[in-house]
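Take a look at the letters that make up each chain.
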Amino acid sequence: MVGRFQPFHNGHLAVIKEILKENRSIIIGIGSAQYSHTLKDPFTAGERHLMISSSLEQEGIYNFYLVPIEDVNSNPLWVAHVESLTPGFDRVYTNNPLVRRLFQESGYEVRSMKLLNRKDWSGTSIRKKIISGEDWKSDVPKAVAEIIEEIDGVTRLRELTQSDE
């Protein structure tokens with residue numbers, strides 16, 4: 001499963017739990033790992049790694065591998081790039097049409113995931129809530145809220161709105 005996780009939220013957690021019902025472990029690719037400190041990608045790969053690992057461990061989930069994956073900006077090379085960074089895998093979970101096509105063309109089984117509560121559980125929605133001072137903590141695992149507070153992520157996001165104007 002590859003995602004940007006900006007930030008990791010309850011929808012991501014629910015999907016991972018579903019994936020683990022039919023797999024003994026999961027490889028989670030932290031996509032666009034080179035980006036941070038922008039409105040679209042405010043958190044670093046290391047911060048996202050901590051958000052995910054802390055959230056899963058709080059849930060008693062330990063059978064996961066986290067792999068930062070930088071963008072290569074070349075669709076024909078992307079699957080090979082992912083393969084070079086991760087342990088071997090048989091199946092890919094995505095709802096992204098391009099990712100689906102690229103992995104299918106490389107011979108992988110690709111499955112879609114049911115998206116839950118998309119209105120509230122999307123990185124874009126949560127980032128907007130953080131900036132506007134709305135309740136966002138109920139949309140993320142407790143560990144994520146704690147990490148965002150610890151790194152002063154609320155201030156970071158609000159300051160980014162001023163610098164990106």
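Structure first, text after, so check above.
Residues numbered from 1 in each chain as written. Predicted model: local features only at pLDDT ≥ 70, side-chain atom pairs only at ≥ 80, totals over all residues. Heavy atoms only, no water.

Chemist: Any details on the overall build of the protein chain? Residues and values, ideally.
Modeler: Counting its regular elements, the protein chain contains seven helices and five strands. Overall, the protein chain shows an N-to-C arrangement of helices and strands of β-α-β-α-β-α-β-α-β-α-α-α. Computed over the C-alpha atoms, the radius of gyration of the protein chain is 16 Å, within 12% of the 15 Å expected from 2.2 N^0.38 for a compact globule of 165 residues. In terms of overall dimensions, the protein chain has a C-alpha envelope of 45 × 35 × 25 Å along the principal axes. Within the span of the protein chain, comprising 165 residues, buried residues form 48% of the whole. Sequence-distant contacts, at least 24 apart, represent 62% of the contacts inside the protein chain between residues at least 6 apart. With the model as given, the accessible surface of the protein chain reaches about 8,700 Å², and the carbon-plus-sulfur share is 48%. Side chains of the protein chain carry 20 positive and 23 negative charges; the gap between the two charge centres is 6 Å. (Helix = DSSP H or I, 4+ residues; strand = E, 2+ residues; numbered from the N terminus. Rg over C-alpha atoms; globule rule 2.2 N^0.38 Å. Buried < 20%, exposed > 50% of the residue type's maximum accessible area, 1.4 Å probe, protein only. Contact = heavy atoms within 4.5 Å. Areas by Shrake-Rupley, 256 points an atom, 1.4 Å probe, with all protein chains shown as cover. Lys, Arg positive; Asp, Glu negative; His and termini not counted. Charge placed at Lys NZ, Arg CZ, Asp CG, Glu CD.)

Chemist: Please set out unusual backbone geometry residue by residue, giving values where relevant.
Modeler: Residue P7 follows Q6 across a cis peptide bond; omega there is 0°. Along the chain, P7 turns up in the loop between strand 1 (2–3) and helix 1 (10–21). For H37, which is not glycine, the phi torsion reads 60° and is therefore positive.

Chemist: Explain the packing of helix 2 (residues 45–58) against helix 6 (residues 142–150) residue by residue, including any values.
Modeler: Remark: helix 2 packs on helix 6, axes separated minimally by 8 Å, with the N-to-C direction vectors making an angle of 145°. Relative to helix 6, the crossing made by helix 2 is right-handed. Contacts between helix 2 and helix 6 pair L50, M51, S54, S55 and Q58 from the former with K142, A143, V144, E146, I147 and I148 from the latter. By residue class, the composition of the contact of helix 2 with helix 6 is six nonpolar, three polar and two charged. (Axes fitted to C-alpha atoms, helices over the stretch in contact; angles between N-to-C directions. Left-handed = near helix turned anticlockwise from the far one by under 90°. Nonpolar A, V, L, I, M, F, W, Y, C, P; charged D, E, K, R; others polar.)

Chemist: Provide a residue-level description of the sheet that holds strand 1, including the pertinent values.
Modeler: Taken together, the three strands give an open sheet; going across it, the order is 1-2-3, and neighbouring strands pair in parallel fashion. At either end of the open sheet lies a strand with only one pairing partner, and these are strand 1 and strand 3 (64–69). Sheet topology places strand 1 next to strand 2 (residues 26–31); two bridges connect them, and they run parallel. When the sheet's bridge partners are listed, V2 is paired in strand 2 with G29. Running over the sheet, helix 2 touches strand 2 and strand 3 and is turned about 150° from strand 2. (Pairing = 2+ DSSP bridges.)

Chemist: Can you lay out the environment of H9 for me, pointing to particular residues and giving the numbers?
Modeler: Tracing the sequence through the fold places H9 in the loop between strand 1 and helix 1. With 128 residues separating them along the chain, H9 and K137 place their C-alpha atoms 9.3 Å apart. Here W121 takes part through its backbone oxygen, which lies 3.4 Å from a polar atom of the side chain of H9. (Polar contact = N/O pair within 3.5 Å; in protein donor to acceptor, adjacent residues only side chain to side chain.)

Limitation: the analysis is restricted to geometry and does not speak to function.
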